[in-house]
Structure formats: C-alpha cells, structure tokens
Amino acid sequence: MTETPSIASELRDEPFEPEVVSSDVVYKGWVWDVRSDRVAYGDGEIIREYVDHTGAVAVLALDDDGRVLLIQQYRHPIRHRDWELPAGLLDIEGEDPMVAAQRELAEEADLVARDWQLLVSTWTTPGGNSELIRIYLATGIEAAPAAYAREDEEADIRVEWVPLSDAVDAVLEGRLRNGILSLGVLAAERRLRD
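An unreviewed UniProt entry lists the chain under the name NUDIX hydrolase, with Microbacterium murale as the source organism.

Here it is, written out as structure tokens:
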C-alpha cells in the first residue's frame, strides 16, 4: 500500500477568480442584496445567485471563571430563540472588524473587554452567500460605562454566563445549533487546551 504524503500543514482554501462575465443585483434588500453572476467556467458559463453580504463579527467573551457569554434572541428565518454569541454586521464603511466586535459586545451585552484576539474566521454558507465572519476571543470582561438601548429582536435579549465545557457539550449533543456559536466554543476550548 502506497502512503499518501500528509498535506495537513499545507491544507488551506485556495483563491480562484474565474472571469465574471456579468453581475446584477436581482434583489435590493434592507440588510443585504441578492446578486446573480454569469461566470466563465471551464468550457462554458455558469450562473450563480447568492446573498451579497457585508461580512460580520462575533465575540466569544470568556470570564475569569471559564464561562462563556451566550445571548438568546428571536431569529425569524428559523422561528426560534436560539443561543448565540454577541455578533453583528460589518455595516459601517471602513470600520476595523475588531472595533466592530468591541461595539457589538457593548451593544448586545453592555460589556467591554481588556484583551482581544482573533479566534477563528469562517465563511458561513459559501454556496449561498459571501459572508465571512470573524470570531474574536475577548477576556478581561467588565461592565460597560453605560447600558445600550436595544430595539426589535435585541430588545428582549437574554444573557447567560455558561461554563465553556457545558456549551461545548450542548453543541456536541445537538441542543445548540447556531453555527457561529458552535465554531466559537469548539475553537475556544481547543485554544485553551493547547
């Protein structure tokens, strides 16, 4: 049996930019648009429609007791109040993603953090949208100087501090299904273990 050399250290997504023959906004939305692209691919052309997304950030806030901050809010497309990490869109032109993450932690949980580092980033649904989300690890947590006035789905956000291991267990048992939360708690557990 021939062994295949390991590519683990070289394993990475590869940029690929075929010619976009045409690109049209087929739906202009309040938050994001739907775009239809005609792309030269192989010997022909393909048409792909997708949500043209601004990008987003999320925050895995971890306190000194090893607890992660979870928020629960209503999400209309899934008809659930799911548990999530504080998160938000990169919808301010030119805003640094870490600054956006700091803003989201203050807006959604009335908290600030002393220490910030990029934990992990992911494309949320690469076959259907262009969203890239960066998840930051925030430590040295303190109350924000002022509470933020929340509206719409954010008006009744529920906030809980949960032991990181309990959150990981809930993800692996299928009780928590938010993808960004799942990736964040699993990455944080691995980072802390290593």
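Participant: Teacher, can you tell me more about the pattern of salt bridges here?
Facilitator: Pairs can form between side chains of opposite charge whenever their charged atoms are close. Taken as a whole and assessed by the stated rule, the structure comprises 13 salt bridges. For arginine 103, the salt bridge identified is with glutamate 104, shortest N-O distance 3.1 Å. Judged by its relative accessible area of 5%, glutamate 104 falls in the buried class. A salt bridge links arginine 103 to glutamate 107; its shortest N-O distance comes to 3.7 Å. With arginine 103 and glutamate 107 both in helix α1 (residues 97-109), this residue pair falls 4 residues apart, about one helical turn. The two residues arginine 103 and glutamate 107 agree in class, both being buried.

Participant: Is there a simple way to explain the nonpolar core in this structure?
Facilitator: Burial of nonpolar side chains together is a common tendency in soluble globular proteins. Residues Leu60, Val68, Leu70, Leu85 and Val185 are the most contacted members of the largest nonpolar core, which totals 23 residues. Not counting residues within four places of it along the chain, the set of residues in contact with valine 68 comprises Leu60, Ala61, Leu62, Leu85, Glu160, Trp161, Val162, Leu164 and Ala167. Counting 14 residues, the second largest nonpolar core, distinct from the first, contains Val59, Leu69, Ala113 and Tyr136.

Participant: Is there a simple way to think about helix α2 (residues 164-172) in this case?
Facilitator: Structurally, the α-helix is built with 3.6 residues per turn, so residues lying three or four positions apart point the same way. Those residues of α2 that fall on the buried side of the exposure criterion are Leu164, Ala167, Val168, Ala170 and Val171. Around the axis of α2, the buried residues are gathered within 160 degrees of arc, so they sit on the same side. Buried residues belonging to α2 abut β5 (67-75), β10 (158-163) and α3 (179-193). One or two positions beyond α2, positive phi appears at glycine 174, with a value near 80 degrees.

What counts, and at which threshold
Residues numbered from 1 in each chain as written. Predicted model: local features only at pLDDT ≥ 70, side-chain atom pairs only at ≥ 80, totals over all residues. Heavy atoms only, no water. Salt bridge = Lys/Arg side-chain N within 4 Å of Asp/Glu carboxyl O. Buried < 20%, exposed > 50% of the residue type's maximum accessible area, 1.4 Å probe, protein only. Helix = DSSP H or I, 4+ residues; strand = E, 2+ residues; numbered from the N terminus. Core = buried A, V, L, I, M, F, W, Y, C linked by side-chain atoms within 4.5 Å. Contact = heavy atoms within 4.5 Å. Arc of directions from axis to C-beta.

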